[in-house]
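# Remarks on the overall topology
What follows is the residue order along each chain.
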Amino acid sequence: MSKENAPLQDGLAEEVNQDVSQLIHHLRCSRAPDEALLVAQTHIRDALSALKPWLEEGGGWSTISIGSDVPEFGWQEDDLTAVMPYSPISGRRNPMAPPIKLWKAGENEVLGEAIFSPTYAGPPDSVHGGIIAGVFDEILAMSNVISGAAGFTGTLTIKYRRKTPLNTPIELWGKNVRQDGRKQLCLGEMRVNGEVTASAEGLFICAAELGT
């Protein structure tokens, strides 16, 4: 399953978030003069004024990643991120999130694709290591979800083997390789043309067992 074959559920909210994501990219990569920035600032402040009356903060859906306010954002094996539209890593309703696609590839295995723009740059021409860690956390968590043992991150170890390039298709892989009661051990890799650029090992604690 490639990202071209994944079903799309994007509505106006997703489109606006994509526009804001593009705005972030333009601000990050632009050397616009002050007069252009002032024009942009006026429009941005107008948008903030339009949205402010509808702002909700505190408890409830606004403090979680899952789509609790949108019932149709349910479980999809060919689009695992659809159930988490507000995720800062993969959510289509979060303008900070890079464009990541994840889908179920096996009983405990996740595959995916991503292309990181310069918004996510760290070293020259490379994805920031913290972004890589965040993406691995999401991939490995999803491998737990599809195995039926969703949980919270205990430890996450990243090995940066070589640079993960910007503006390049990145292959994503994660798998729940062992379950031991509360503990879920997962492995993951990022690859470019089959070559591993970074790998991860994660230990997760099954949510159902917490506090017992």
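Right, let's walk through the structure included here. On a predicted model such as this, the values are computed, not experimentally measured, just so you know.

Quick look at the sheet that holds strand 2 (residues 109–114) now. Reading across from one edge, 1-2-4-5-6-3 is the order of the 6 strands in this open sheet, with antiparallel pairing throughout. The sheet is open, and its two borders are formed by strand 1 (100–104) and strand 3 (151–160), each paired with just one other strand. The mean angle between the axes of side-by-side strands here comes to 20 degrees, regardless of whether they run parallel or antiparallel. Bridge count between strand 4 (residues 170–180) and strand 5 (residues 183–192): 9 bridges; the pairing is antiparallel. In the sheet register, glycine 174 faces strand 5, and the bridge partner there is glycine 188.

What follows covers the pattern of salt bridges. One pass over the full model with this rule turns up 5 salt bridges. Between lysine 104 and glutamate 77 there is a salt bridge, and its shortest N-O distance comes to 3.6 Å. Linking lysine 104 in strand 1 with glutamate 77 in the loop between helix 2 (34–51) and strand 1, this pair joins segments that are 27 residues apart in sequence. For lysine 104, a relative accessible area of 28% gives the class partly exposed. When the shortest N-O distance is used, the salt bridge between glutamate 189 and arginine 191 registers 2.8 Å.

Another aspect to go through is the pairing of strand 5. Taken together, strand 4 and the strand that follows it, strand 5, pair antiparallel across an intervening segment of 2 residues, in which glycine 181 is found at a positive phi of about 65 degrees. Where strand 5 folds back on strand 6 (residues 195–206), the antiparallel hairpin that results is connected by 2 residues, among which asparagine 193 adopts a positive phi of roughly 55 degrees.

This part covers the nonpolar core. Ranked by internal contacts, the top residues of the largest apolar core, which has 28 residues, are Leu102, Phe116, Val135, Phe136 and Leu172. Sort the elements by how many residues they give to this core and helix 3 (residues 129–147) lands first, with 8 residues. Setting aside chain neighbours within four positions, we find phenylalanine 116 in contact with Pro98, Val127, Ile131, Val135, Leu166, Asn167 and Ile170.

Note on placement: glycine 154 falls in strand 3. When the C-alpha atoms of glycine 154 and cysteine 206 are compared, they prove to be 9.8 Å apart, with 52 residues separating the residues in sequence. Apart from residues no more than four positions distant in its own chain, glycine 154 is found in contact with Leu203 and Phe204.

With respect to the element layout, glutamine 22 can be found in helix 1 (residues 12–29). The exposure class of glutamine 22 is partly exposed, given its relative accessible area of 45%. For the pair glutamine 22 and methionine 96, spaced 74 residues apart in sequence, the C-alpha to C-alpha distance is 10.0 Å.

Rules and cut-offs
- Residues numbered from 1 in each chain as written.
- Predicted model: local features only at pLDDT ≥ 70, side-chain atom pairs only at ≥ 80, totals over all residues.
- Heavy atoms only, no water.
- Pairing = 2+ DSSP bridges.
- Helix = DSSP H or I, 4+ residues; strand = E, 2+ residues; numbered from the N terminus.
- Axes fitted to C-alpha atoms, helices over the stretch in contact; angles between N-to-C directions.
- Salt bridge = Lys/Arg side-chain N within 4 Å of Asp/Glu carboxyl O.
- Buried < 20%, exposed > 50% of the residue type's maximum accessible area, 1.4 Å probe, protein only.
- Core = buried A, V, L, I, M, F, W, Y, C linked by side-chain atoms within 4.5 Å.
- Contact = heavy atoms within 4.5 Å.

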